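Residue strings, one per chain:
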Amino acid sequence: MWILKFLPDWIFYAILLVGFIGLVISRFIPPMYKTAVQVGSLAAFVFGLFMSGAIYGNNAWVERVDEMKAKVAEAEAKGKEETVRVETKVVTKTQVIKQKAQV
């Protein structure tokens, strides 16, 4: 999610906490403001909860990407070793063929 790139994670946890506290405190607020506080607190709570889940899912994917990058780097290193080994075999076989041709 693009919003996770721009804002730090603690902001969404703070929104979640404010929404929860607002829902608890709304029981003690006069009836005239109670509905407005409940709606605002519920919206903040739902948004904070949703974004907390998004942060968790994003972090899981970032970890998987890092694992795959490590595997790719390891495979590239092995590939370079195998390339050197194959080139050595080709050079050796070419020398053997040239030696037989000279004999």
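Quick note: structure is the one above.
About the thresholds
- Residues numbered from 1 in each chain as written.
- Predicted model: local features only at pLDDT ≥ 70, side-chain atom pairs only at ≥ 80, totals over all residues.
- Heavy atoms only, no water.
- Helix = DSSP H or I, 4+ residues; strand = E, 2+ residues; numbered from the N terminus.
- Expected span 1.5 Å × (residues − 1).
- Buried < 20%, exposed > 50% of the residue type's maximum accessible area, 1.4 Å probe, protein only.
- Arc of directions from axis to C-beta.
- Phe/Tyr/Trp six-rings, centres within 6.5 Å; stacked < 30°, edge-to-face > 60°.
- Salt bridge = Lys/Arg side-chain N within 4 Å of Asp/Glu carboxyl O.
- Core = buried A, V, L, I, M, F, W, Y, C linked by side-chain atoms within 4.5 Å.
- Contact = heavy atoms within 4.5 Å.

Student: Can you walk me through helix α2 (residues 9–25) in this structure?
Tutor: Along an α-helix, residues three or four apart share an orientation, since each turn contains 3.6 residues. Compared with the 24 Å implied by 1.5 Å per residue over 17 residues, the 25 Å span of α2 between its first and last C-alpha is a close match. The complete set of buried residues in α2 reads F12, L16, G19 and G22. One side of α2 carries all its buried residues, which in axial view fall inside an arc of 130°. Residues of α2 that are exposed and point more than 90 degrees away from the buried face comprise W10, L17 and V18.

Student: Please explain the packing of aromatic side chains as it appears in this structure.
Tutor: What characterises a pair of aromatic rings is the spacing of the ring centres plus the angle enclosed by the ring planes. The final tally for this structure, using the stated rule, is two aromatic pairs. Here the aromatic rings of F20 and F45 are separated by 6.4 Å at their centres, their planes lie at 40°, and the arrangement is tilted. Here the residue F20 occupies a position in helix α2, and F45 occupies one in helix α3 (residues 31–102), the gap between them amounting to 25 residues.

Student: For this particular structure, what's the right way to read the pattern of salt bridges?
Tutor: Between side chains of opposite charge, a pair can form when the charged atoms approach closely. As enumerated under the stated definition, the model contains one salt bridge in all. The partner of K78 in a salt bridge is E74, and the shortest N-O contact between them spans 3.6 Å. Pair noted here: K78 and E74 are both in helix α3, with a separation of four residues, about one helical turn. Owing to a relative accessible area of 47%, E74 belongs among the partly exposed residues under this scheme.

Student: So what exactly am I meant to see when it comes to the nonpolar core here?
Tutor: Side chains of a nonpolar character, in soluble globular proteins, are inclined to be buried together. By size, the foremost hydrophobic cluster in this structure holds five residues: L4, F12, M51, A54 and I55. With three residues, the single largest contributor to this core is α3.

Student: Looking at this model, I keep getting lost on the environment of A44. Mind explaining?
Tutor: Tracing the backbone shows A44 in helix α3. Linking A44 and G19, residues 25 residues apart in sequence, is a C-alpha distance of 4.8 Å. Excluding anything up to four places from it in sequence, A44 contacts I15, L16 and G19.

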